[in-house]
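The residues making up each chain are set out below.
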Amino acid sequence: MVRRTQSQHKTDDQAYPVRVKFVIPFHDRSRWWGLQDRLHAWLKELGPRRHAIHSGGWSVGRQAMAIYFHNLEDAQACVAAFPELELADGVGAPRCYAPAVEAKAT
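Residues numbered from 1 in each chain as written. Predicted model: local features only at pLDDT ≥ 70, side-chain atom pairs only at ≥ 80, totals over all residues. Heavy atoms only, no water.

Asker: Hey, could you run me through the packing of helix H2 (residues 29-46) against helix H3 (residues 72-81) in this one?
Answerer: When two helices pack together, you describe them by how their axes are tilted relative to each other and by the distance separating the axes. Look at H2 against H3: their axes get within 11 Å of each other, and the N-to-C directions meet at 150 degrees. Taken together, the axis directions place H2 and H3 in an arrangement best described as roughly antiparallel. Remark: the crossing between H2 and H3 carries right-handed chirality. Between H2 and H3, the residues in contact are Arg38, Leu39, Trp42 and Leu46 and Asp74, Ala77, Cys78 and Ala81, respectively. Partitioned by chemical class, the residues of the contact of H2 with H3 number six nonpolar, no polar and two charged. (Axes fitted to C-alpha atoms, helices over the stretch in contact; angles between N-to-C directions. Helix = DSSP H or I, 4+ residues; strand = E, 2+ residues; numbered from the N terminus. Parallel < 35°, antiparallel > 145°, perpendicular 65-115°, else oblique. Left-handed = near helix turned anticlockwise from the far one by under 90°. Contact = heavy atoms within 4.5 Å. Nonpolar A, V, L, I, M, F, W, Y, C, P; charged D, E, K, R; others polar.)

So this is what it looks like as structure tokens:
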């Protein structure tokens with residue numbers, strides 16, 4: 001039987017309790033590259049053990065990135081530092097079934 005190591009994003013998902021997903025703004029690539037540089041510099045200042053970053057796959061029909069944090073304060077600081085980044089929120093999407101949202105609607 002072939003044994004494989006677990007992918008890094010699964011390891012990070014288990015290690016870091018807070019995940020924030022942002023939509024990648026590819027509609028304006030020149031803005032994205034500058035934003036990406038600022039984000040990576042901010043994360044570097046935060047420190048390597050306090051975050052991890054991975055592709056967030058596709059969310060609401062757009063590509064996303066996932067940033068994992070050790071605590072809620074770091075996640076909130078990241079969201080506050082980059083207000084131009086849109087959260088990859090798909091709760092209102094037609095394909096999303098969220099029982100809590102359905103219960104409020106009725």
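Asker: Looking at this structure, I do not really get the confidence of the model for the protein. What am I missing?
Answerer: When pLDDT is averaged along the protein, the result is 83, and 84% of the positions lie at 70 or above. No element of the protein has a lower mean pLDDT than helix H4 (residues 99-105), which averages 59, and none a higher one than H3, which averages 97. (pLDDT = per-residue confidence, 0-100.)

Asker: Would you explain the sheet that holds strand S2 (residues 51-59) in this entry?
Answerer: Sheet strands line up and pair through hydrogen bonds in the backbone, either parallel or antiparallel. Pairing in this open sheet of three strands is antiparallel, and the strands run S1-S3-S2 from one edge to the other. Every other strand in the sheet has two partners, leaving strand S1 (18-23) and S2 as the edge strands with one partner each. On average, each strand axis in the sheet is tilted by 25 degrees relative to the strand beside it, whichever way the strands run. The strands touched by H3 are S1 and strand S3 (62-69); relative to S1, the strand with the most contacts, the crossing angle is about 15 degrees. (Pairing = 2+ DSSP bridges.)

Asker: Can you help me understand the pattern of salt bridges in this one?
Answerer: A side chain of one charge can pair with a side chain of the opposite charge if their charged atoms are brought near each other. Counting across every chain of the model gives two salt bridges. For Arg50, the salt bridge is made with Asp74, and the minimal N-O distance between the two is 2.7 Å. Residue Arg50 is located in the loop between H2 and S2, and its partner Asp74 is located in helix H3; the two are separated by 24 residues in the primary sequence. On the basis of relative accessible area, Asp74 is assigned to the buried category, the value being 7%. (Salt bridge = Lys/Arg side-chain N within 4 Å of Asp/Glu carboxyl O. Buried < 20%, exposed > 50% of the residue type's maximum accessible area, 1.4 Å probe, protein only.)

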